[in-house]
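Architecture and fold: a report
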Amino acid sequence: MATKKQSATKSAGKGSTGKGKGTDKDAEETPVKESAEAKGSSKAKAAGKTPAKGAGKTPAKSSGKSAFDNSSAKKDAKSGPGRKGRAVQVKQPKPWGMIFTFGGVGVVALGLIGAAVFVVWDRSQPPEGVTDYYGDFANYSEVSSALQDGDVTEDDLEHPWVVQQTHVDGDEDTSNDALEYETTPPSGGNHLGAWQTCTGSVYAAAIVDGNAVHSLEHGAVWLTYDPALVDGDGIAQLAEKINGRDYTLMSPYPELGTEVSIQAWGVQYQTNDINDPKIDEFLDYYIQNADNTAEANANCSGGVSTTVEDAQTAG
């Protein structure tokens, strides 16, 4: 049977044990609380706030910034240079200078093409003011075809000499007095067998009509002037249009009565103005004109180069 002393000792032991158990429980609960506080501190740091120093203590002082300021800070943080996200697309300005440059080049190109087309079309039309002797026909090619087809005869033509191409050489007089032509200077008809050299040839004296008409038959253009009406400077100016230009020739024509007369086979243009632009137009249109050449594929070199004065001196 236990004594009172032993009972007291057991009671004390139980109490001590219970007390120890309570101490152990408190020790186990303490880390849990600290862990919760650490978790709260981590959340506060992540939110950009200073964590409270302990439970039950006075909350952290306010930073003095309003909700609007915090919102702005968040917005700035999102839009800052260090923020990763969708790339910002910068709209590039249109290269107006280059556009205008290429546009201008295109306009110029179209203008040049249009001008070229116009020149080609314009040269397909005979110059205005030209006298032609083909009557109802446009040119030598048309009247020649009509004769070959039997649609007309020479007697039907108003100017039959436009299709007459006989060489009148032989024992006959081949001077200008012996050869008669309907136009002055002549622009077609029967002629001499030798042509006048017409390789851009400028003659200082009159030439024989019969030789010059033969040159017209080859597709040449003959420019004549009245020496009594055109002075030295004017002659030089006209010579620039002819000198060195193949299938052309130029010579004075005394008593012509007009400053300039220019002729091709079956056509003629006369003017009292040596600056008349129709002179150049006539040259451009009728030199070797395929529709107006009475003898195609004939050349202008190798002909006679003598003048009337040369012939008179030799006689």
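**Remarks on helix α6 (residues 232-242)**
Buried residues of α6: Gly234, Leu238, Ala239, Lys241 and Ile242, and no others. Along the axis of α6, the buried residues cluster in a sector spanning 150°; they form a single face. Turned more than 90 degrees off the buried face of α6, the exposed positions are Gly232, Asp233 and Glu240. For α6, the elements touching its buried residues are β2 (199-202), β3 (221-225), β4 (248-252), β5 (260-264) and α7 (278-286).

**Some words on the pairing of β4**
The element β4 is extensively covered by neighbouring structure, given that five of its five residues are classed as buried. Burial of the side chains of β4 extends over both faces: Thr248, Met250 and Pro252 are buried on one face and Leu249 and Ser251 on the other. Summarising the sheet, β2 and β4 pair through three bridges and their orientation is parallel. Pairing of Thr199 across the sheet is with Thr248, part of β4. Direction of pairing for β3 relative to β4: parallel, over a ladder of five bridges. The partner of Thr224 across the bridge, within β4, is Ser251. Traced from β3 through α6 to β4, the parallel crossover comes out right-handed.

**Examining the pairing of β5**
Taking burial as the measure, the five residues of β5 include five buried ones, the bulk of the element. Burial along β5 is two-sided: Val260, Ile262 and Ala264 facing one way and Ser261 and Gln263 facing the other are all buried. As judged from the four bridges shared by β3 and β5, these two strands associate in the antiparallel manner. Pairing of Trp222 across the sheet is with Gln263, part of β5. Judged from the five bridges that link them, β5 and strand β6 (residues 267-271) form a sheet pairing that is antiparallel. The residue of β6 that forms the bridge with Ser261 is Gln270. The loop that links β5 with its antiparallel partner β6 comprises two residues; one of these, Gly266, has a positive phi angle of about 80°.

**Topic: the state of the cysteines**
Across all of its chains, the model carries one disulfide by this definition. Note that Cys198 is cross-linked by a disulfide to Cys300, the S-S spacing being 1.7 Å. Between Cys198 and Cys300 the sulfur-sulfur dihedral comes to about -90°; the bridge is accordingly left-handed. Remark: Cys300 occurs in the loop between α7 and α8 (308-314) and Cys198 occurs in the loop between α4 (140-148) and β2; sequence separation between them is 102 residues. Each of the two residues, Cys198 as well as Cys300, counts as buried.

**Section: the packing of aromatic side chains**
By the definition in use, this model includes four aromatic pairs. With centroids separated by 4.7 Å and ring planes inclined at 85°, the aromatic side chains of Tyr285 and Tyr286 adopt a geometry described as edge-to-face. Residue Tyr285 is classed as buried on the basis of its relative accessible area, which comes to 17%. Residue classification places Tyr286 among the buried residues on the basis of a relative accessible area of 8%. Grouped by ring-pair contacts, the aromatic residues Phe282, Tyr285 and Tyr286 constitute a single cluster.

**Brief notes about unusual backbone geometry**
With an omega of -10°, the peptide bond between Thr184 and Pro185 qualifies as cis. Tracing the chain through its elements places Pro185 in the loop between α4 and β2. The residue Glu255 is not glycine, and still its phi comes out positive at about 60°. Take Glu255: it is sitting in the loop between β4 and β5.

**Structural notes on a nonpolar patch on the surface**
Residues Trp96, Ile99 and Phe100 make up a contiguous nonpolar surface patch of about 360 Å² in total accessible area. Inspection of the secondary structure puts Trp96 in helix α3 (residues 96-123).

**Some details on the sheet that holds β2**
Judged by pairing direction, the sheet is mixed, and its six strands sit side by side in the order β1-β6-β5-β3-β4-β2 without closing on themselves. Of all the strands in the sheet, the pair left with one neighbour each is β1 (131-132) and β2. Lying on the sheet, helix α5 (residues 209-217) is in contact with β3, β4 and β5; it crosses β3 at an angle near 140°.

**A few points about α7**
Ile279, Phe282, Leu283, Tyr285 and Tyr286 are the residues of α7 that are buried. Within two residues after α7, Gln288 carries a phi angle of roughly 50°, on the positive side.

What counts and how
- Residues numbered from 1 in each chain as written.
- Predicted model: local features only at pLDDT ≥ 70, side-chain atom pairs only at ≥ 80, totals over all residues.
- Heavy atoms only, no water.
- Buried < 20%, exposed > 50% of the residue type's maximum accessible area, 1.4 Å probe, protein only.
- Helix = DSSP H or I, 4+ residues; strand = E, 2+ residues; numbered from the N terminus.
- Arc of directions from axis to C-beta.
- Contact = heavy atoms within 4.5 Å.
- Pairing = 2+ DSSP bridges.
- Right-handed = clockwise from strand over helix to strand, strands pointing away.
- Disulfide = S-S within 2.5 Å.
- Phe/Tyr/Trp six-rings, centres within 6.5 Å; stacked < 30°, edge-to-face > 60°.
- Patch = residues over 30% accessible without salt bridge, like charges linked within 9 Å, V, L, I, M, F, W, Y side chains within 5 Å.
- Areas by Shrake-Rupley, 256 points an atom, 1.4 Å probe, with all protein chains shown as cover.
- Salt bridge = Lys/Arg side-chain N within 4 Å of Asp/Glu carboxyl O.
- Axes fitted to C-alpha atoms, helices over the stretch in contact; angles between N-to-C directions.

Note that all results are geometric; they support no functional claim without further evidence.
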